Each structure stands twice: as C-alpha cells, then as structure tokens.
Amino acid sequence: MAIEREHDESGALSLPGEGPLIVLPDAAVTASPRLARTIAGPALVPWLALWLAREGLSVLVHGPGASQGGGGAAEVLHSLGICPASDAGHVTDRWARREPAVVATSALAAGRLPAGVQWQLMAPQGLRPCLRVLPCNAPGSARSAADWAARSGAAVLLLVGAPITDPHHGPQAEVWIGGQFRADLAAPAPDESPAGWTPLPHDTGAAATALFVQELLSGVRPTPQPLRRLAGLVERTAWATVTPSDAHAPVSCL
C-alpha cells in the first residue's frame, strides 16, 4: 500500500512534528559484497535508527525496496517487529512509540527523483529541520554528496572512508549545514584500540543481524566506542539543524 496521506502539492511525503528529523538511507541495499561483514553493511543503519529513536528523535529509514520490507536494514527492522509504514499516520505512530519509521524512497518524491539527486539523499518535504545521514564507502560518492550539500544548503552528515567496524578507526564524518562545512561538528577517524572489540555475527542474514543489533542495544554485547561516538555525533548534528549556531545541544550517552 502506497503512502497516500500528508503529501504536499508536488506529491512528496510531508510529515508533521517538532524538532529535527533524521533520514537514513537503507545503504545495505547498494552495499558492495566486501562490506557485507561490517556494521557499515546491514547492521549499522538499523542499530543507529533504533538508538536514535530510543532517544526520542524522529527517524525515517528509506530505500528502494523498503515498502516490501525486503533486504538490508528494512528486513532487519522487520525481523525486530518494525514493519514498513503504509501511510503518514503510521509514520507518526512509530515515532510516538520511539521506533524508527520505514518507507519506500518513492514515497519521498512520488516516484520521481529531482535532477542530480541520488535516491540516498531524498527526504520528506516540509519546513521541519532535516538531517540526512549518508554512509559513503567510496571517496567519489562522498565528494559528490558534499558538492550537493554545499550547493543545496541541505543538512548532511557524511560517513566517509573505511568501514565503521574497522577495529583501528572510529567514524570519519563530514557535516554540512546551510551550505557550510561545519568543522566544529566534523569527526576525524581517530586511532582506536581493538581491545574489547565486539565480534560480528558469523551469519549476515536478517534474523542473525537483528539479534546482533538487539544484543548491542540491550547491553548483552558491549557497544564499540566508535559507534557510541557516532550516535552522539548524529544526535548533536541533528539538533544543530534546529539551531545552527548551537553545536552543543543536550546529547544522551549510552
């Protein structure tokens, strides 16, 4: 069932609410095979979406196949009992439950993509402050997204470089808000000790990945420090889209 309510005149999905909206693409849909064994593949997006939603933020996950709940983060979230939202009312209901909402990318642009914009950069229409979080495993895609962010003025957080579960490095991020690079919010890739690193599951299927994500969130498995820093960075950046001059909005920590 396609999303039919709460669209603007152009046909794109428009969602009510207050505070920042965080938009995550189902990056695993297009992830290369070499990323299949990393959190930068199937596990990063659902883990981050669930963590941020648990903190009370509005989180939207979208992908080409998200409406069917098949493949990538959408399938992992479906295994955790979070089905794709069929309309805007379902989206806001997910947020009221402190859950991320999952929709098809086509709902964000009524089946059309603006010229020069990749599907991963799509977001709902409306006046609500919106932060796009985009994992970029190729330097070229990061440069392209950064150029778009500089031209469009959109708020974009780019996760650049090596997979986030590399035991020697944390997240390397670039933040763009209002067409400006925000060095005060950007995070370099610091050295990270592999001691105490959380092993990934042997099975990368949706059910095993869902269990892994659930164990991270519940504390059964220790959450790697790079992921803790990443979650804090995304939350801090999201609030900076509401008050661009304030990069120090309250942030919860695991």
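Residues numbered from 1 in each chain as written. Predicted model: local features only at pLDDT ≥ 70, side-chain atom pairs only at ≥ 80, totals over all residues. Heavy atoms only, no water.

Chemist: Help me get a handle on the pairing of strand E5 (residues 155–160), residues and values and all.
Modeler: Along E5, 6 of the 6 residues are buried, which leaves the element largely enclosed by surrounding structure. Where burial is concerned, the two faces of E5 agree: the one with Ala 155, Leu 157 and Leu 159 and the one with Val 156, Leu 158 and Val 160 are both buried. Sheet topology places strand E4 (residues 130–136) next to E5; 6 bridges connect them, and they run parallel. Bridging from a neighbouring strand, Val 133 pairs with Leu 157 of E5. Pairing analysis gives 5 bridges linking E5 to strand E6 (residues 172–177), with the strands arranged antiparallel. Each bridged residue has a counterpart across the sheet, and for Leu 159 the counterpart in E6 is Ala 173. (Buried < 20%, exposed > 50% of the residue type's maximum accessible area, 1.4 Å probe, protein only. Helix = DSSP H or I, 4+ residues; strand = E, 2+ residues; numbered from the N terminus. Pairing = 2+ DSSP bridges.)

Chemist: Pulling in residues and values, what's your account of the side chain of Arg 94?
Modeler: Examined against the element boundaries, Arg 94 turns out to sit in helix H3 (residues 88–96). The side chain of Arg 94 sits in the buried core without any salt bridge; Asp 93 is the nearest counter-charge, 4.1 Å away. Setting aside residues no more than four positions away along its own chain, Arg 94 makes contact with Ile 82, Cys 83, Pro 84, Ala 85, Glu 99, Pro 100 and Ala 101. (Lys, Arg positive; Asp, Glu negative; His and termini not counted. Salt bridge = Lys/Arg side-chain N within 4 Å of Asp/Glu carboxyl O. Contact = heavy atoms within 4.5 Å.)

Chemist: Give me the lowdown on helix H6 (residues 206–218), citing residues and values where you can.
Modeler: The terminal C-alpha atoms of H6, which comprises 13 residues, lie 18 Å apart, in line with the 18 Å expected from a rise of 1.5 Å per residue. Among all positions in H6, only Ala 206, Ala 208, Thr 209, Ala 210, Phe 212, Val 213, Glu 215 and Leu 216 are buried. A positive backbone phi angle near 90° is found at Gly 219, which sits one or two residues after H6. (Expected span 1.5 Å × (residues − 1).)

Chemist: Account for the pattern of salt bridges, naming residues and giving values.
Modeler: Counted according to the given criterion, the structure contains 3 salt bridges. For Arg 182, the salt bridge is made with Asp 184, and the minimal N-O distance between the two is 2.8 Å. Arg 182 gets classed as buried once you look at its relative accessible area, which sits at 12%.

Chemist: Give a description of the confidence of the model for the chain that names residues and reports values.
Modeler: Per-residue confidence for the chain gives a mean pLDDT of 75; residues scoring 70 or more make up 66%. Long-range and interchain partners of residues 29–37, a stretch whose pLDDT sits below 50, account for 15 contacts in this model, where long-range means more than four residues apart. In this model residues 163–168 is a low-confidence stretch, pLDDT under 50, and it forms 24 contacts with partners more than four residues away in sequence or in other chains. (pLDDT = per-residue confidence, 0-100.)

Chemist: How would you explain the packing of aromatic side chains if you had to name every residue and give the values?
Modeler: All chains considered together, the criterion is met by 2 aromatic pairs. Note on Trp 47 and Trp 51: the rings are 6.5 Å apart at their centroids and 25° apart in plane angle, and the pair reads as stacked. With Trp 47 and Trp 51 both in helix H1 (residues 39–54), this residue pair falls 4 residues apart, about one helical turn. (Phe/Tyr/Trp six-rings, centres within 6.5 Å; stacked < 30°, edge-to-face > 60°.)

Chemist: Pulling in residues and values, what's your account of the pairing of E6?
Modeler: Where E6 lies against strand E7 (residues 180–181), 2 bridges are found, and the strand directions are antiparallel. From the neighbouring strand, Ile 177 faces E7, where its bridge partner is Gln 180. Between the end of E6 and the start of E7, which pair antiparallel, lie 2 residues, with Gly 178 showing a positive phi angle near 60°.

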